[in-house]
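Survey of secondary and tertiary structure
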Amino acid sequence: MKHGLLIFLLVFLTTTLTTCAQTPAELQNALNKVSPEAIKGHMSFLADDLLEGRQPGTRGFALGSKYMETQFVSLGLQPGVNDSSYIQSVPLQRGWVEAAESGLTLIDGKQEKQLEYGKQFIINPYFASPASAISAPLVFVGFGISAPEFKYDDYSNIDVRGKIVVWINDAPKQFPSSERAYYTTADAKYTEAIKRGAVGVITMGLPSNRRSSWEGSVRRSRQGSYKWQNGQGMAANSYEALKAVASFNSEYADSLFIHAPVNLQKIAALAAEGKSQSFPLNLSASIRVKTNTKVVQSSNVVGVIRGSDPQLKNEYIVYTAHLDHFGIGAPVSGDSIFNGAHDDASGNAILLEVARAYRSLPAAPKRSIIFAAVTGEELGLLGSDYFISNLPMKGGKVVANLAIDMPFFFHPILDIVPYGADHSSLGKQTEQAAGILGLKISPDPFPEQVVFIRSDHYSFIKKGIPALFIKSGFMTVPQDTVDRSKSDVAWRSTTYHTPKDDMNQPFDFKAATMHVKINFLIGYFTSSQPAAPSWNKGDFFGQKFQQKAF
Ligand SMILES: [Zn+2]
């Protein structure tokens, strides 16, 4: 044996043995067992018509939940809820507005103009009480954003105490994509408005940047919205200081600006340039909201592999996939069941096979690993937020999240897009795992889709916990006949969130195994690090949310 090779082997073995408890052969063995058929099997069950679209509160969801629980049992996962159960009850509140008893009136001096519900405006349910009403002057506040780190402040020259603020959905285009995504969230905007003393909100889109049609918004509003219910029986995160939150149809937005110092065209032009703006609208509004609420019982399914290190086992790495989807709705080509095969039966299937990979190792990882099939993602990331706000295990803390949600496997995978990897130390384990699997790492191909805030990983990020969300990339090989980026865009416009997202799609289950492997390896390497994952120095999300870490 040559001297150089011996040193290489010694270095390799020492680093390997100090960073993880298994040999490369044992890890390889776990990887080799990942099977495309297992993924197909889980998906075929969870996306079957029998489960009727897995809507929270339905028998279909309960069947899906039972499937995940029994799979956890057969995989040898321990109960993740108080060491005694796999089921974390998640009480949800559905709130919907009684349109006939709700209204919005514009008050111009002595003149009052009553608008038509559903035509000019809709109102969000007010969860804190069945009846809520305000009457206050209107103030325009641009995007309704205060972002000192970008020297941007729509509130800098205006006092909104006791007023109803009017803002444009969206955020300045010059913000980097993830930060822009953060500032477009209702959470960020409501929090700022409340801090400034506003008592109500009217949001509006500009014709140029509407993401969805007005008709779609009205339809969704009729179905109501959901919050999780806390121990006091109140809806969590409901921003009750805002007595009314209305959305205005941009087609009629002119009527809010009749006495404004600037016309809507000029406002749109400034918004397009990402400039801050604010002024009184010299108009008042009176808003009445009548809200109905109903409790819907749902659940997260939680299994755990206890860590093997006496200290590190109190630190948990949490894998999530959302079990819920849209249930039964308006038929498309005669099909009314929203099977959610890709969204997100696929994530649950991958999560189960990640668990199997861990269980096929000869020894448990150092840190503990939680597998959670969460509810209410489609209703606003509710199950994941409930999980992290009401931790089901006895003691310990969560140090990382890996979320799996329609990762895209319609083609062989050559590269991945790991959302979150450039924000925290998890980037290192991502590179390590991708290197072993021969996968390249690519940047976000659709920054305008604001993926970073759109799935369960964001519930963890909001609590200061580093998280990852991995999607397939679009690298092609010369023999490829389809443009993967175009086929992704096409899928989103024709199939996403429709009854067509069923098992009659050209899934590449072998490609899906890559998502099992990459998620397994990243979590495994993370579980073996001496230090828990941390945000990169000066990272925007780290700074924004770190104080909330627990
Ligand atoms: Zn979805």
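Residues numbered from 1 in each chain as written. Predicted model: local features only at pLDDT ≥ 70, side-chain atom pairs only at ≥ 80, totals over all residues.

**Quick look at the pairing of strand β10 (residues 200-204)**
For β10, the tally of buried residues reaches four of five residues, placing the bulk of the element in the interior. Of the pairings in the sheet, the one linking strand β9 (residues 164-168) to β10 comprises five bridges and is parallel in character. The partner of V165 across the bridge, within β10, is V201. With five bridges joining them, β10 and strand β12 (residues 244-248) adopt parallel strand pairing. (Buried ≥ 20, exposed ≤ 12 C-beta atoms within 10 Å, placed from the backbone. Helix = DSSP H or I, 4+ residues; strand = E, 2+ residues; numbered from the N terminus. Pairing = 2+ DSSP bridges.)

**Observations regarding the packing of helix α3 (residues 36-46) against helix α14 (residues 509-528)**
Running from N to C, α3 and α14 cross one another at 95°; their axes reach a closest spacing of 8 Å. Taken together, the axes of α3 and α14 are roughly perpendicular relative to one another. Contacts from P36, I39 and K40 in α3 reach F509, K510, A512 and T513 in α14. Looking at the contact of α3 with α14 residue by residue, the classes come out as four nonpolar, one polar and two charged. (Axes fitted to C-alpha atoms, helices over the stretch in contact; angles between N-to-C directions. Parallel < 35°, antiparallel > 145°, perpendicular 65-115°, else oblique. Contact = placed C-beta atoms within 7 Å. Nonpolar A, V, L, I, M, F, W, Y, C, P; charged D, E, K, R; others polar.)

**Comments concerning the nonpolar core**
One finds I164, V165, V166, A246, L351 and A372 to be the most contacted residues of the largest nonpolar core, which totals 143 residues. Three or more residues apiece are contributed to this core by two domains, here domain 1 (36-76 + 309-548) and domain 2 (95-294). The residues touching L351, leaving out its near neighbours within four places in the chain, are Y319, A321, F371, A373 and I404. (Core = buried A, V, L, I, M, F, W, Y, C linked by C-beta atoms within 7 Å. Domains from an automatic or database assignment.)

**As for the pairing of β9**
Counted residue by residue, β9 has five buried out of five residues, so it is predominantly covered. The pairing of strand β6 (residues 131-140) with β9 spans three bridges and is classified as parallel. When the bridges of β9 are listed, V139 appears paired with V165.

**Side note on the domain arrangement of the chain**
Per the domain assignment, the segments making up the chain are domain 1 (36-76 + 309-548) and domain 2 (95-294). Spacing between the C-alpha centres of domain 1 and domain 2 amounts to 32 Å. With 13 residues of domain 1 at the interface, the matching set in domain 2 holds nine residues. Broken down by element, the side of domain 1 that touches domain 2 gets its largest block of residues, three residues, from helix α10 (residues 382-389). Tallied by class, residues from the side of domain 1 that touches domain 2 come to eight nonpolar, two polar and three charged.

**As for α10**
One full turn of an α-helix is made of 3.6 residues, so residues set three or four places apart face in the same direction. A large share of α10 lies buried, amounting to seven of its eight residues. Among all positions of α10, only L382, G383, S384, D385, Y386, F387 and I388 are buried.

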